[in-house]
Amino acid sequence: MSLAEQELLRATLAELEFPKVLQHVAALCLSELGRERVLALHPSTDAGWLREEHETLAEMLHLVEWGVPFPWSPVPDVRRQLQKSTIENALLLPTELVDIRELLQLSRSVRQELLRQTELPRLKALGEQLYHNRMLERHISDTVDESGGIRDTASRELANIRSQIRETSARLRTQLRRILRRFVEDELAMDDFITQREGRFVVPVRVEHKHHISGIIHGVSQTGATVFLEPAEIFELNNELALLADAERREIERILRVITAEIGSCAHQLLSSLELLSYLDSLYARARYAQLYGGQKPVVSDEADIILHNIVHPLLAAARGRGAVVPLSMEFRDATRGHLISGPNAGGKTVALKSVGLNLLLVLSGIFPLGACRTPVLHILTAIGDQQSIEQNLSTFSWQVVRIREILHRSGPETLVLIDEICAGTDPTEGAALAAAILEELLHRRSYFVVTTHQSSLKAFALHRDGVQNDSLEFDHERLQPTYCFLPGVPGNSYAFAIAANFGIPRRLLERAQSFLGERHRELEESIAAVQELRRRWQHYEEEARQQAEQAHQLRQRYEEQFRQLQQRRSELMARARQEVQQMLQQAQSLVEQTIRQIREQQRPLSDVRQEFTQGRDALLQALEVAGLPQGEERSPFSLAPGTWVRMEGMQSAGTVVSIDEQQQTALVEFAGIRLRVSVDKLRPAPPQKEEPPRPKVDYLSWNAASSIDLRGMRVAEALQAVDRFLSDALQGNIPRVRIIHGKGTGALRQALHQFLATHPAVAEYALADLSQGGAGVTIVTLR
């Protein structure tokens, strides 16, 4: 960057008051080094650096918003001390060692905290770069205390010397107190105390007795009445103490040189950590600034469009609070490269101009803007304020012309030009023509620009020129006060006559002034007023529509919530109903299976089983009616014929139709060898099942079961199996009593049989037959 470009950049930053914004950010730093970094921020043209900086700042903002207890403390500025430590035989003072120890401790604690932030990879990577040296930190702590004093533990030699010093001092004080008591008794001493002069212990003696005591005078009091005398009796002890003090000084110097050299060996790493900590401090301040004033992460784009949404002036936000500042939105696209802002004095035109420039400068300097922002990398050039100079023979107009000349020399597609009151300090007609030509040139160079003006002809130029959009700041013409609301696409009136009338200018004079205006100017102002009125009405209707849409949205949300609750309630009821139905179906299935088992085993008379089955079925149907649940499954029409595979409602097992009674609407169905008469409406179609080995069909009307069994010649296990089958057949044949022939023999078979019959569920009682029926070789069994 050339010297002229640097000077133009400094002027731009000053005119936009960017240094003041940086001061607000820097005030949030915790250290002077952090403040220096913030105040040194300036616009960058490196898009990659800006994107990375914004991502890192976003992570720091997350850290601040999460309320992580970060170990921040002021970063000590030890750059001079670290550079000094690299010099051979250099010696750092104890207080300087304390500052370096603080740097080491801060670097270590910040590093530990950042390494824990696994969700913030950029901050974690910065933490990994921080230098930590626990050994050096320990050495400094062992050498100096918090106040900068050298500890006895700094070395064994120092501890030994200081021990001798304490011992010698104690001996010396004891001897001096003895001498002092004698001097006081002899009225030679003024006061009873011991002090030091020039590093040697002395006692106060009256000046008139100084020749009466052998010793060396080391000083006189301010009044001249007392001399401080070192008695000859303590010369040797004082000398010994002086030698020890000199040994202590030399040992301390040696210790400090050693630890200074140790610091110098890692001074480069410590300087890097110092720079990184100051950067983190500045990053923390920028994150706090974004949190306090609603800063948003910007987008640095490769596209040419500039989009600013709901931005506010940073200095106004700091002075009044973000919520008290009216935001503005502005867009620069290929079809709209420039904006011409018009409106009354003190209406906010310059504030809007600076709001655009400052927020873009924040983005380009690595700070979040106060609003949404999308922009490419830009060079911002300004001509704002009254910079007239008597020394340079420059008026307001001539100064602006000189600045515009420099801007045009450097403007291009990546330049944003901000000019306040363009060409206002000269003849209005000529100034407007010159301003229009300047805007044409900026459009030709494809520069972006925002320009403020009061000139009506320039507003007309913007109405007919592609690439330029008329904008204004709203003015309440009834209260004659600005509202500061930005109105894109609508030119603004200056309201000079209305404001003058409000300040007491006579009406007669104002009417006379209006007569001097040309008809074309009057028509233009009236048209602008009509457009503004239409816009106000449109905004009113838009606000009403927005409110109605908001109410409709809220109603829809409420009804959707109610519908969701109804659906949830219905789902809960259906789930409960399905659970109850499932339980009832399980009970029904259990009832049927139990009935079939009882029929097979003939444990009870068939009439009792049928009666119990009917009662259980009726109870289930009644429970279904009470619960308000459907009694049965939804039935799909299907045709029945002998051989059709079916299942009973509520059962999983399938059977085949044997015959159908059309008159009674019943069917005889065989389930696993058991035939049941079932109502047709209780049958459901079932898929064909695999063929099973034929089982003997049970026909209760034609059953012909045997009433006796002969076990003679069988082993015990074989006999018991035969008895079990025999009893099962007798139950199915409704035979109440049976005979089991087992013979007399050894009695082992009879004993095993009786044990088996005692636990059989179908046996009511058993006993040996009388002599006429076989006696001890036959057992009579009565079935249940």
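Residues numbered from 1 in each chain as written. Predicted model: local features only at pLDDT ≥ 70, side-chain atom pairs only at ≥ 80, totals over all residues. Heavy atoms only, no water.

Now for the overall build of the chain. Secondary structure summary: the chain contains 22 helices and 23 strands in total. Among the 784 residues that make up the chain, the fraction classed as buried is 43%. Taking the contacts inside the chain whose residues are at least 6 apart along the sequence as the reference set, 65% of them involve residues at least 24 apart. Total accessible area on the chain is roughly 42,900 Å²; 50% of this is exposed by carbon and sulfur atoms. (Helix = DSSP H or I, 4+ residues; strand = E, 2+ residues; numbered from the N terminus. Buried < 20%, exposed > 50% of the residue type's maximum accessible area, 1.4 Å probe, protein only. Contact = heavy atoms within 4.5 Å. Areas by Shrake-Rupley, 256 points an atom, 1.4 Å probe, with all protein chains shown as cover.)

One side chain can pair with another of opposite charge once the charged atoms of both are near each other. Scanning the model with the defined rule gives 40 salt bridges in all. Taking the shortest distance from any N to any O, the salt bridge between Arg333 and Glu331 comes out at 3.0 Å. Here Arg333 falls in the partly exposed class, since its relative accessible area comes to 35%. For Glu421, the salt bridge goes to Lys349, with nearest N and O atoms at 4.0 Å. In this pair, Glu421 sits in the loop between β11 (415-419) and α15 (428-444) while Lys349 sits in helix α13 (residues 349-364), placing the two residues 72 residues apart along the sequence. According to the relative accessible area criterion, Lys349 is buried, its value standing at 5%. Salt bridges sharing common partners tie together Asp246, Arg249, Arg250, Glu253 and Arg257. (Salt bridge = Lys/Arg side-chain N within 4 Å of Asp/Glu carboxyl O.)

Once that is clear, we can look at the packing of aromatic side chains. On inspection of all chains with the given rule, the structure shows two aromatic pairs. Between the aromatic rings of Phe332 and Tyr448, the centroid separation amounts to 5.9 Å while the plane-to-plane angle is 80°, which identifies the pairing as edge-to-face. Here Phe332 is found in strand β7 (residues 328-332), whereas its partner Tyr448 is found in strand β12 (residues 448-453), with 116 residues between them in sequence. Given the relative accessible area of 2%, Tyr448 is considered buried. When the ring centre of Tyr448 is taken as origin, the NZ or CZ atom of Arg337, which lies over that ring, is 4.1 Å away. Positioned above the aromatic ring of Tyr559 is the side chain of Arg558, whose terminal nitrogen or guanidinium carbon lies 5.6 Å from the ring centre. (Phe/Tyr/Trp six-rings, centres within 6.5 Å; stacked < 30°, edge-to-face > 60°. Lys NZ or Arg CZ within 6 Å of the ring centre and 35° of its normal.)

Looking now at the nonpolar core. By size, the foremost hydrophobic cluster in this structure holds 49 residues, and its most contacted members are Met330, Val356, Leu360, Ile380 and Leu416. When residues of this core are assigned to their parent elements, the largest contribution, nine residues, is made by α13. Counting residues in hydrophobic clusters, the runner-up holds 48 residues, among them Trp72, Val75, Val78 and Leu283. (Core = buried A, V, L, I, M, F, W, Y, C linked by side-chain atoms within 4.5 Å.)

With that settled, the discussion passes to the pairing of strand β6 (residues 306-311). In terms of strand pairing, β6 meets β7 through four bridges, oriented antiparallel. Across the sheet, Ile307 pairs through a bridge with Glu331, a residue of β7. (Pairing = 2+ DSSP bridges.)

Let's shift gears to unusual backbone geometry. With a phi close to 50°, Glu421 is a non-glycine residue in the positive phi region. Of note, Tyr484 is a non-glycine position whose phi angle comes to about 65°, a positive value. Note on placement: Tyr484 falls in strand β14 (residues 481-488).

What follows is about α15. Helix length check: α15, at 17 residues, gives a terminal C-alpha distance of 24 Å against a target of 24 Å (1.5 Å per residue), a fit within 8%. Inspection of α15 places Gly431, Ala432, Ala435, Ala436, Ile438, Leu439, Leu442 and Leu443 among the buried residues, and these make up the whole buried set. The buried residues of α15 occupy one face: seen down the axis, they fall within an arc of 160°. Summarising the geometry of α15, the exposed residues directed more than 90 degrees from the buried face are Thr429, Glu430 and His444. For α15, the elements touching its buried residues are β8 (336-342), α14 (396-410), β11, β12, α16 (456-464) and β13 (467-476). (Expected span 1.5 Å × (residues − 1). Arc of directions from axis to C-beta.)

This part takes up the sheet that holds strand β22 (residues 763-768). Taken together, four strands build an open sheet; the order of strands is β20-β21-β23-β22 and the sheet is mixed. Because the sheet does not close on itself, it has two edges, and the strands there are β20 (708-710) and β22. Adjacent strand axes in the sheet meet at a mean angle of 20°, parallel and antiparallel pairs treated alike. As paired elements, β20 and strand β21 (residues 737-741) share three bridges and run parallel to each other. Across the sheet, the residue bridging to Ile709 is Ile740, located in β21. Docked against the sheet, helix α22 (residues 748-758) engages β21, β22 and β23 (778-783), running at close to 160° with respect to β22. (Axes fitted to C-alpha atoms, helices over the stretch in contact; angles between N-to-C directions.)

This paragraph deals with a positive patch on the surface. A cluster of basic residues, Arg173, Arg177, Arg178 and Arg181, forms a positive patch at the surface. Here Arg178 lies in helix α9 (residues 156-185). (Patch = residues over 30% accessible without salt bridge, like charges linked within 9 Å, V, L, I, M, F, W, Y side chains within 5 Å. Lys, Arg positive; Asp, Glu negative; His and termini not counted. Charge placed at Lys NZ, Arg CZ, Asp CG, Glu CD.)

Inspection of the secondary structure assignment puts Asn470 in strand β13. Among the residues examined, Asn470 registers a relative accessible area of 4% and is labelled buried. Reaching out from Asn470, the side chain makes a polar contact with the backbone oxygen of Lys459 at a distance of 2.9 Å. (Polar contact = N/O pair within 3.5 Å; in protein donor to acceptor, adjacent residues only side chain to side chain.)

Let us look at the sheet that holds β11. An order of β10-β11-β12-β8-β13-β14 is seen for the six strands of this open sheet, with the pairing classed as mixed. Every other strand in the sheet has two partners, leaving β10 (379-383) and β14 as the edge strands with one partner each. Between one strand axis and the next, the sheet turns through 20° on average, direction left out of account. Bridge count between β13 and β14: five bridges; the pairing is antiparallel. Bridging across to β14, Leu473 finds its partner in Phe486. Across the face of the sheet, α14 comes into contact with β10 and β11 while running at roughly 165° to β10.

Here the focus is the packing of helix α10 (residues 235-265) against helix α11 (residues 267-293). Relative to each other, α10 and α11 sit at 65°, their axes nearing to 5 Å. Residue-level inspection shows Ile263, Gly264 and Ser265 of α10 in contact with α11, the latter providing Ala267, Gln269 and Leu270.

A few words now on the environment of His309. Within the secondary structure layout, His309 lies in strand β6. Using a relative accessible area of 44% as the deciding quantity, one classes His309 as partly exposed. Not counting the four nearest positions on each side in its chain, His309 is found in contact with Leu328, Ser329, Gly371 and Ala372.

Attention shifts here to the confidence of the model for the chain. On average, residues of the chain score 82 in pLDDT, and 82% of them are at 70 or above. When the criterion is pLDDT under 50, residues 629-635 qualifies, and its contacts beyond four places in sequence or with other chains add up to 19 contacts. In this model residues 693-704 is a low-confidence stretch, pLDDT under 50, and it forms 17 contacts with partners more than four residues away in sequence or in other chains. (pLDDT = per-residue confidence, 0-100.)

On to the environment of Tyr284. When you line up the elements, Tyr284 lands in helix α11. Along the sequence, Tyr284 and Val64 sit 220 residues apart, while their C-alpha atoms lie 7.9 Å from each other. In this structure Tyr284 touches Leu28, Leu30, Met60, Val64 and Trp72, once residues within four positions along its chain are discounted.

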